[in-house]
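# Structural overview
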Amino acid sequence: MAIKKGDTVKVIAGKDKGAEGKVIKVLREEQRVVVEGVNRIKKHTKVVNQGGRSGTTGGIITTEAPIHVSNVMLVEGDDVTRIGYKRVEVTKRRPDGSEYQSTRSVRISRKTGKEI
């Protein structure tokens, strides 16, 4: 999945279309993300008296629900962009102190070509 925790994304489909927020959680298996302030739901909770004082109080809690990753796009600067990957040369160090050349994958913006 191209979207990671901490990315700023914009919702491009659904009831919260146009909203921007930070990714709080990524659910890889379900291909969903939880975005701050987007897709808010009300959850009814019961009073739990187990554990003495540390029991939870009942009531209605508002929380964010996951949305599908295809409904969000990464925000770069003022606009949204698609995400690509590029291999770059890096110098790595072995435990004995010697160095060697290798490559690693980095995310790039399809719009500008810059590393994200």
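Reading guide: rules and limits
Residues numbered from 1 in each chain as written. Predicted model: local features only at pLDDT ≥ 70, side-chain atom pairs only at ≥ 80, totals over all residues. Heavy atoms only, no water. UniProt positions renumbered as here; feature names shortened; annotations may be inferred. Helix = DSSP H or I, 4+ residues; strand = E, 2+ residues; numbered from the N terminus. Rg over C-alpha atoms; globule rule 2.2 N^0.38 Å. Contact = heavy atoms within 4.5 Å. Areas by Shrake-Rupley, 256 points an atom, 1.4 Å probe, with all protein chains shown as cover. Lys, Arg positive; Asp, Glu negative; His and termini not counted. Charge placed at Lys NZ, Arg CZ, Asp CG, Glu CD. Salt bridge = Lys/Arg side-chain N within 4 Å of Asp/Glu carboxyl O.

Within an unreviewed UniProt entry, the label attached to the chain reads Large ribosomal subunit protein uL24, and the organism entered is Nocardioides antri. Taken verbatim from the UniProt record of the chain, the Sequence similarities (unreviewed entry) comment is "Belongs to the universal ribosomal protein uL24 family." Here the chain is described in UniProt, under the heading Subunit (unreviewed entry), as follows: "Part of the 50S ribosomal subunit."

The helix and strand tally for the chain stands at 0 helices and 10 strands. Taken from N to C terminus, the helices and strands of the chain fall in the order β-β-β-β-β-β-β-β-β-β. The C-alpha radius of gyration computed for the chain amounts to 20 Å, which surpasses the reference 13 Å derived for 116 residues by more than 25%, pointing to a less compact arrangement than a globule. C-alpha atoms of the chain, sized along the principal axes, occupy 60 × 40 × 25 Å. Of the contacts made within the chain by residues no fewer than 6 positions apart, 43% connect residues no fewer than 24 positions apart. Working note: accessible area of the chain is about 8,400 Å², and carbon and sulfur atoms make up 47% of it. The average position of the 25 basic charges and that of the 14 acidic charges among the side chains of the chain differ by 5 Å.

Once that is clear, we can look at the pattern of salt bridges. The tally for this structure, following the rule as stated, stands at 5 salt bridges. Across the pair Arg-40 and Glu-64 runs a salt bridge whose closest N-O atoms are separated by 2.9 Å. A residue pair is termed long-range when its members are at least 10 positions apart, and Arg-40 in strand 4 (residues 40-45) and Glu-64 in strand 5 (residues 59-64) qualify at 24 residues. Glu-99 is the partner of Arg-93 in a salt bridge, and the nearest nitrogen-oxygen pair spans 2.5 Å.

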